[in-house]
Amino acid sequence: MGRRFCVRCGREEGPDTPIIDGLCPKCFMKERGILELPTKIRVTICPICGALYIHGDWIRVGGSVEGAIEYFINETIVKRHNIYPGLEDVKVKVVRMDSGVIYLRIMARYKDVSLSQDAVTHVELQKKPCPSCLRSRSGSYEAMLQIRTIAPVRFDVMRDIGNRLARVKEFRESIVEIKEHKDGVDVKLSNQAIGRYVANILKREYAAKITMTWENTGYLGGKRRSKLTISARLPGLVSGDIIEYEGEPAEVMRLKKGRVIIKRLSDGKVVSLRHDDIWRGDFRYLNEKDYAILDGRILNYEGGRAVVQATGSGNIYFIKSPRILNLGSRVKILIYKGKAYLLI
Ligand SMILES: [Zn+2]
Ligand SMILES: [Zn+2]
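Note that the structure is predicted; figures quoted are calculated from it, not measured. (Residues numbered from 1 in each chain as written. Chains lettered and ligands numbered in written order. Predicted model: local features only at pLDDT ≥ 70, side-chain atom pairs only at ≥ 80, totals over all residues.)

**Student:** Is there a simple way to explain the domain arrangement of the protein in this structure?
**Tutor:** When the parts of a complex come together, some accessible area is lost, and that lost area is often taken as the interface size. In terms of domain boundaries, the protein breaks down into domain 1 (33-127), domain 2 (137-234), domain 3 (242-286) and domain 4 (291-342). For domain 1 and domain 4, the distance between their C-alpha centres works out to 49 Å. (Domains from an automatic or database assignment.)

Okay, structure coming up:
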């Protein structure tokens, strides 16, 4: 056999470096890859029993969502036509999942050499009860729980709430349908009492503002029936968010037992906001359009104020500082409504 070289990097073929389609394994991975992945993988999963919808059938996989997705990818995407010819034993492992982004390790064998490649794609989880779970309940619902947040909907926040509520067995068992959309999550429930019960959890632990409305849906068997809609509005904040409270900007430090702990930027005072403080109307979530954050450096202290120079513009700001930092320290300057604050 004549000596073969990688056409890209010139590496010579050897026992550990077979030439695949004119390329060494390293270059092959860069240029071709083991597996052609779609940019988005849509997975339908039953939120009640975890069954997966594959090729028109519901399959019970068991285990975590990550495990179910891994199974799904290996069953549906790892197919001959998506794999470079000559590669064997192709297997995909889910390394982690974050905000709908999924990190994968793809493994394969070419002759006697193991290949491994990291890949990233997106996953869209559709939650739909499987027929057997649907059959076990009427299919119609009695209550609708609408979970919304003041801050933009964030996957981690919603997952945390979902995990908390899923600890309530009766809640899990009365879910008829879960719909996730960009404003939040809608959960149809077969039981109004459990809806009110979890609304209370959301109020107590997540500072949710709860509004309930009933809608008459006529009579059934001589009894008047009504559907309950529970709207649960949560702050949905995470540490580092900027809010306005009583007219002043503040940084969210953490959430604790239904309270939002914030740090007022003007004087560094830490304030614990209770449910009433949040919902009385003095509270506003600020997004990046409301304020600007600049990099700066402390030059000096004068008359109780920090003299801070913005790195980008060279502008000098005199800012009331909650504490004294070393001269030369790098700081973040927050500009809100024409006033400068230190994010320290
Ligand atoms: Zn090469
Ligand atoms: Zn099911």
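**Student:** What exactly am I supposed to notice about the sheet that holds strand E12 (residues 242-245) here?
**Tutor:** Remark on secondary structure: sheet strands pair via backbone hydrogen bonds, oriented parallel or antiparallel. The strand order across the open sheet built from five strands is E15-E14-E13-E12-E16, with neighbouring strands paired in antiparallel fashion. Strands with a single pairing partner mark the edges of an open sheet, and in this sheet they are strand E15 (270-273) and strand E16 (283-286). With direction set aside, neighbouring strand axes in the sheet form an average angle of 40°. Direction of pairing for E12 relative to E16: antiparallel, over a ladder of four bridges. Note that in E16 the partner of Tyr245 across the bridge is Phe283. (Pairing = 2+ DSSP bridges. Helix = DSSP H or I, 4+ residues; strand = E, 2+ residues; numbered from the N terminus. Axes fitted to C-alpha atoms, helices over the stretch in contact; angles between N-to-C directions.)

**Student:** Please explain the pairing of strand E19 (residues 316-320) as it appears in this structure.
**Tutor:** The side chains of a regular strand alternate, residue by residue, between the two faces of the sheet. Direction of pairing for strand E18 (residues 305-310) relative to E19: antiparallel, over a ladder of five bridges. From the neighbouring strand, Val308 faces E19, where its bridge partner is Tyr317. Remark: five residues form the turn of the hairpin made by E18 and E19, two consecutive strands paired antiparallel; Gly314 in that turn has positive phi of roughly 80°.

**Student:** What exactly am I supposed to notice about the environment of Lys127 here?
**Tutor:** Within the secondary structure, Lys127 sits in strand E6 (residues 113-127). If we ignore the near neighbours within four places in the chain, the residues touching Lys127 are Ile45, Pro47, Ile178 and Glu180. (Contact = placed C-beta atoms within 7 Å.)

**Student:** I keep staring at the packing of helix H4 (residues 155-166) against helix H6 (residues 192-206) and nothing clicks. Help me out?
**Tutor:** A packed helix pair is summarised by two numbers, namely the angle formed by the two axes and the spacing between the axes. Packing of H4 against H6 leaves a shortest axis separation of 11 Å and a crossing angle of 130°. By the angle class used here, H4 and H6 are oblique. Here H4 runs over H6; the crossing is right-handed. Contact residues: H4 offers Ile161, Arg164 and Leu165, while H6 offers Val198, Ile201, Glu205 and Tyr206. Each residue belonging to the contact of H4 with H6 can be placed in one class, and the counts come to five nonpolar, no polar and two charged. (Parallel < 35°, antiparallel > 145°, perpendicular 65-115°, else oblique. Left-handed = near helix turned anticlockwise from the far one by under 90°. Nonpolar A, V, L, I, M, F, W, Y, C, P; charged D, E, K, R; others polar.)

**Student:** How should helix H2 (residues 65-76) be read in this particular structure?
**Tutor:** In an α-helix there are 3.6 residues to a turn, and that puts residues three or four apart on one side. The first and last C-alpha atoms of H2 sit 16 Å apart over 12 residues, in line with the 16 Å expected at 1.5 Å per residue. Among the residues of H2, Ala68, Ile69, Glu70, Phe72 and Ile73 are the ones counted as buried. Tucked into the core, H2 has its buried residues touching strand E1 (40-45), strand E2 (52-54), strand E4 (88-98), strand E5 (101-110) and E6. (Expected span 1.5 Å × (residues − 1). Buried ≥ 20, exposed ≤ 12 C-beta atoms within 10 Å, placed from the backbone.)

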